Amino acid sequence: MTNPTTATTKTVAKAPFKADHVGSLLRPESIHQARKEFKEGSITAEQLREIETTEIKRIVDKQIEVGLKAVTDGEFRRTFWHTDFMAHINGFEGYTPETGYRFKNVETEAYDVRTIGKASFNENHPFIKDFIEFKEIVGSRAIPKLTIPSPNQFFNQGIRDESIYPELEDYAKDIIQVYRDAFKAFYAAGARYIQIDDVYIAGLSSPDIPFNDGKHNRDYLIDLALRVTNAVLEDKPEDLAVTTHLCRGNYQSDWAFEGSYALIAPTLFAKEKVDGFFLEYDDDRSGSFQPLEHIPAGGPRVVLGVFTSKNGELEDKEAIKARVAEAAQYVPLEQLCISPQCGFASTHHGNKLTEQQQWDKLRYIVEVSEEIFGE
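Small disclaimer: the values here were computed from a predicted structure and weren't measured.

**Student:** Describe the packing of aromatic side chains, and please don't skip the residues or the numbers.
**Tutor:** Here a ring pair, both rings aromatic, is described through the centre-centre distance and the interplanar angle of the planes. Under the criterion given, the structure shown has 16 aromatic pairs. Between Phe154 and Tyr179, the ring centres sit 6.1 Å apart and the planes meet at 80°, which makes this aromatic pair edge-to-face. Taken as a pair, Phe154 in the loop between strand S5 (146-149) and helix H6 (168-188) and Tyr179 in helix H6 lie far apart in primary sequence, 25 residues in all. As far as the burial class goes, Phe154 and Tyr179 line up, both buried. Following the ring pairs from residue to residue traces out a cluster consisting of Phe85, Phe92, Phe127, Phe154, Tyr179, Phe183 and Phe186. A cation sits over an aromatic face here: Arg114 above Tyr95, 4.0 Å from the ring centre.

This is how it looks when you write it as structure tokens:
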């Protein structure tokens, strides 16, 4: 008889998969309406959750139907991809600042998190219950992937209160412990594939963003980002796959900044101890594939985000194949995978395409991956 644990380990060891996706999916109108009614007080939190659960069941079925081996809950219980998780960490709170983040063509809805005390993991974090229920929905049909913000998201400007944490290294030490405890909790809940989403590290590679507060320059912060991630992963179980998604902003089909991965590649691509990198390569803002030369042979898989989640137009198949062949000059083909460059709805607003276009694109990615990789 096959040992179930061994079977699971074999499957998860392949993560990320040849055709994968970043995680978030367009929220259906039923969820938008339910959130509105909940805020107005016309339905209860339990009723809202039931509607979310119904829609999660539907989109799990759809992901499996289009051929994905790893599925997510679409982030349907969240408002934003990161703040819902961060605001439930002990020592932090969500709040509404005067302005949102400035993207290329739009300012985001104003919401952020800030430090209010010493950081520690919340053993009753709602994402644990959410994942347990999600995993039950998926069953044995696919691998349930959990997406959470990277520990490095806590290093964005304005989050750390220097009166509570005067020294950045002390703050980093506590954030590392938060994530070690979080990974243990999610692993105990059955998670075997966790993706950490990271706009902060991608920002460190953008020459347009001045990373220098008078105390810490860009090189120091890049090194710190590596140390934080690797310290979190130091004692992770062998059958837990962890990937990093590096994002340059995704809000209603708009983006926040540009720049290749060249500034961070010699440190992070070469030394970050993850099982895979999800990278944006859907347009000219991403730069060339040359920074991939720092990925160790036989090391992390590289998921090329050569499909865009920002519109519903299907990319030219031959152009995609040519792009993958170009990337294979720097990383062996067996280490490459493909996906959209980001989620379809990093926030509840969603990108500017229809749900049908979303499913068509995901099905197309599976089809193209089978032609490129034979699996």
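Once the structure has been displayed, the description carries forward.
**Student:** Summarise the pattern of salt bridges; cite the residues concerned and give the values.
**Tutor:** For the structure on display, the rule yields 28 salt bridges. For Glu40, the salt bridge goes to Lys36, with nearest N and O atoms at 2.9 Å. Placement of the pair is Glu40 and Lys36 together in helix H2 (residues 29-40), with a separation of four residues, close to one helical turn. You can call Lys36 partly exposed: its relative accessible area is 43%. The salt bridge involving Asp223 is made with Arg227; its shortest N-O contact spans 2.9 Å. Taken together, the residues Asp223 and Arg227, both in helix H8 (residues 218-233) and four residues apart, mark about one turn of the helix. Judged by its relative accessible area of 32%, Asp223 falls in the partly exposed class.

**Student:** Just give me the short version of unusual backbone geometry, but keep the residues and values in it.
**Tutor:** With omega at 0°, the peptide bond leading from Ala15 into Pro16 counts as cis. As for its position among the elements, Pro16 is in the loop between helix H1 (4-12) and H2.

**Student:** Tell me about the sheet that holds strand S8 (residues 276-280), and please be specific about residues and values.
**Tutor:** Ordered by their spatial adjacency, six strands build an open sheet running S5-S6-S7-S8-S9-S10, and the pairing between neighbours is parallel. Every interior strand has two partners, whereas the edge strands, S5 and strand S10 (336-340), have only one. Across the sheet, the mean angle from the axis of one strand to that of its neighbour is 25°, orientation sign disregarded. As paired elements, S8 and strand S9 (residues 301-307) share five bridges and run parallel to each other. The partner of Leu279 across the bridge, within S9, is Leu304. Against the sheet, helix H11 (residues 355-373) engages S9 and S10, with an angle of about 165° to S10.

About the thresholds
Residues numbered from 1 in each chain as written. Predicted model: local features only at pLDDT ≥ 70, side-chain atom pairs only at ≥ 80, totals over all residues. Heavy atoms only, no water. Phe/Tyr/Trp six-rings, centres within 6.5 Å; stacked < 30°, edge-to-face > 60°. Helix = DSSP H or I, 4+ residues; strand = E, 2+ residues; numbered from the N terminus. Buried < 20%, exposed > 50% of the residue type's maximum accessible area, 1.4 Å probe, protein only. Lys NZ or Arg CZ within 6 Å of the ring centre and 35° of its normal. Salt bridge = Lys/Arg side-chain N within 4 Å of Asp/Glu carboxyl O. Pairing = 2+ DSSP bridges. Axes fitted to C-alpha atoms, helices over the stretch in contact; angles between N-to-C directions. Contact = heavy atoms within 4.5 Å.

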